[in-house]
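Descriptive analysis of the structure
Listed below, chain by chain, are the residues.
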Amino acid sequence: MVGRKLIGSRLAVQVGGLAILAVILSNILTVVFFFGDRNEIIRNIVNAETMARLTPVVTALERGEALRLDETFTVRSAGNWKADPVLWQEAPILAGQIMASSGSKDLQVFTPRISTFSFSDLFQQVQKGGPQVAAILRPLNQAPLVILVRIQPDLPPPLAALIATLISGVLITFGTSLLIGRMTEPLTTLAAASERIGQSAQIETVPVRGPLELRIAAGAFNRMAQRISQLLDRQRATLWALGHDLRTPVTAMRIRLELVEDDETRDRLRESVREIERVVEDALFLARSDLATAPTQIAYLDELVEKAVAGLIDANPESASRLTITKNPKARILARSNDMVRAIRNLIHNALRHTEGPVQVIVSLDPKPAVEVGDWGPGLPTEVRAAPGEPFVRGDQARSADGSTGLGLAIVRSIAEGHKAKLSAENRSGESGTLMRIDFDRI
């Protein structure tokens with residue numbers, strides 16, 4: 001999780017970030033390699049160039065051959081010449097290597113003192129002609145000679161070159177990230193279309209473009225979306241036809257009920273008919289809710305709760321004494337007011353029906369607008385808490401009495417999802433009772 005926060009969550013950002021990290025690490029390693037062992041590297045560079053430049057000159061002098069020297073060489077009598085120990089250091093190993101190659105018997109070599117030397121010094125001296133190396137040669141039966149030579153070693157890339165490499169790597173990585181972003185853009189479109197499935201009546205298709213694999217995925221998504229749309233259309237049509245066809249026999253049953261002479265039997269049958277009507281109406285509402293438009297009207301949660309409570313009190317005045325309402329006048333949402341009043345009323349009615357004690361309704365705004373309905377009843381079983389609002393799924397017998405259709409919470413969840421809100425349920429901690437909550441997005 002920490003790494004994802006550092007380099008982002010988009011694929012293009014992640015790939016680009018990893019590429020930039022790789023370039024930075026490679027350049028850091030280069031810097032560490034060249035500058036960490038600075039003295040040893042400079043010594044090796046100077047020794048190698050000194051070996052290459054001095055060996056043929058010493059060989060020619062030992063053999064008495066004519067010299068062809070360029071302006072970087074100076075050969076003269078040693079006289080009283082001495083190497084300043086502050087600036088020079090003797091290199092006996094290098095001298096031994098040159099003597100072994102040239103056949104000389106007496107040679108001293110002096111190189112710049114490494115402890116006071118840096119790469120910047122080396123580069124500056126190369127620009128001026130190169131650092132100077134000295135050698136004292138004592139040929140057989142001849143006066144000592146001092147040889148001064150400026151060398152121009154093959155240097156590792158300077159820090160500026162490393163920075164230029166880093167910048168070019170970053171630019172290349174940035175371009176690659178843009179290209180990957182364009183390639184993966186269809187994935188973002190596909191994910192957004194997937195999120196919108198079930199949130200609107202019309203299931204959208206996505207454009208088929210991009211690399212072959214993405215075109216295959218987009219085509220498969222479009223075919224799946226078409227099948228889902230056809231399936232939902234058939235389900236809605238079936239529910240509408242069922243509701244319409246049931247209304248006629250239910251009406252006929254109501255008429256025939258009046259011909260039943262036994263009062264007790266007639267009351268039981270009338271209640272059964274009313275239950276059938278409630279199931280039909282709730283099922284039809286669920287079918288229609290999938291076609292509802294997105295909410296665009298600003299509504300205050302306090303007012304929606306008041307309307308829901310007023311409807312319940314009109315139907316059952318005794319419930320007023322059991323309700324406690326905590327308001328928040330700043331809580332606003334985008335809502336289809338009538339539908340949201342029905343959802344809140346279902347939650348409160350559900351709580352009143354399943355407990356004889358008080359019911360608490362709380363409107364809150366921290367961190368998001370929410371309506372919470374709590375009771376002190378027997379609580380909900382695990383399967384209902386895990387997925388509140390599954391059609392025809394009810395709790396224990398205590399929570400499924402009084403003619404419930406099993407669609408009340410399903411309607412609440414359908415309305416909540418149509419408002420991009422979330423329905424949740426939990427039992428009170430350490431005591432009996434249930435908390436049902438609808439959380440909304442801020443506007």
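If you're wondering where the values come from, they're calculated on a predicted model, not measured in any experiment. Counting restarts for each chain, with residues numbered from 1 along the sequence as it is written. Where totals are concerned, whole chains, interfaces and linings use all residues; where local detail is concerned, this predicted model gives features only for residues with pLDDT of at least 70, and gives and counts side-chain atom pairs only at 80 or more. The side-chain numbers reported here are obtained from all heavy atoms of the structure, hydrogens and water having been left aside.

Here's the deal with the packing of helix α10 (residues 337-353) against helix α12 (residues 408-418)
The condition that has to hold: Lines are fitted to the C-alpha atoms to define the axes, a helix being fitted only along its stretch in contact, and any angle between axes, read from their N-to-C directions, falls within 0 to 180 degrees. Helix and strand definitions follow DSSP, with helices as H or I runs of at least four residues and strands as E runs of at least two, each counted in order from the N terminus. Put simply, angles under 35 degrees are roughly parallel, angles over 145 are roughly antiparallel, angles from 65 to 115 are roughly perpendicular, and the rest are oblique. Crossings are classed by handedness, with left-handed meaning an anticlockwise turn of the near helix from the far one by less than a right angle and right-handed meaning a clockwise turn. Whether two residues are in contact is decided by their heavy atoms: any pair within 4.5 Å suffices. Ten residue types, Ala, Val, Leu, Ile, Met, Phe, Trp, Tyr, Cys and Pro, are classed as nonpolar, four, Asp, Glu, Lys and Arg, as charged, and the remainder, Gly among them, as polar.
The geometry of α10 relative to α12 is characterised by a closest axis approach of 9 Å and an angle of 140° between their N-to-C directions. Classed by the angle they form, the pair α10 and α12 counts as oblique. Crossing angle aside, the handedness with which α10 passes α12 is left-handed. Along its contact with α10, which presents Asp-339, Met-340, Arg-342, Ala-343, Asn-346 and Leu-347, the element α12 presents Gly-408, Leu-409, Ile-411, Val-412 and Ile-415. A per-class count over the contact of α10 with α12 returns seven nonpolar, two polar and two charged.

Here's the deal with the pairing of strand β8 (residues 332-335)
This is how it is decided: In this scheme, a residue with accessible area under 20% of its type's maximum is buried, one over 50% is exposed, and one in between is partly exposed, where area comes from a 1.4 Å probe on protein chains only. Any two strands between which DSSP finds at least two bridges are classified as paired.
Across the two faces of β8 the burial differs, with Ile-333 and Ala-335 buried and Arg-332 and Leu-334 not buried at all. Of the strand pairs in this sheet, strand β6 (residues 297-300) and β8 are connected by four bridges, and their pairing is antiparallel. The partner of Gln-297 across the bridge, within β8, is Ala-335.

Let's talk about α12
Considered for burial, the residues of α12 that qualify are Leu-409, Ala-410, Ile-411, Val-412, Ser-414, Ile-415 and Ala-416. One or two positions beyond α12, positive phi appears at Lys-420, with a value near 55°.

Details of the pairing of strand β3 (residues 107-112)
Burial of β3 is extensive: five of the six residues sit out of reach of the surface. Bridge count between strand β2 (residues 88-90) and β3: three bridges; the pairing is antiparallel. Within β3, the position partnered with Glu-90 by the bridge is Phe-110. Of the strand pairs in this sheet, β3 and strand β4 (residues 132-137) are connected by four bridges, and their pairing is antiparallel. By the bridge assignment for β4, Val-109 is matched with Ala-135.

Keep in mind these numbers describe shape, not what the thing actually does.
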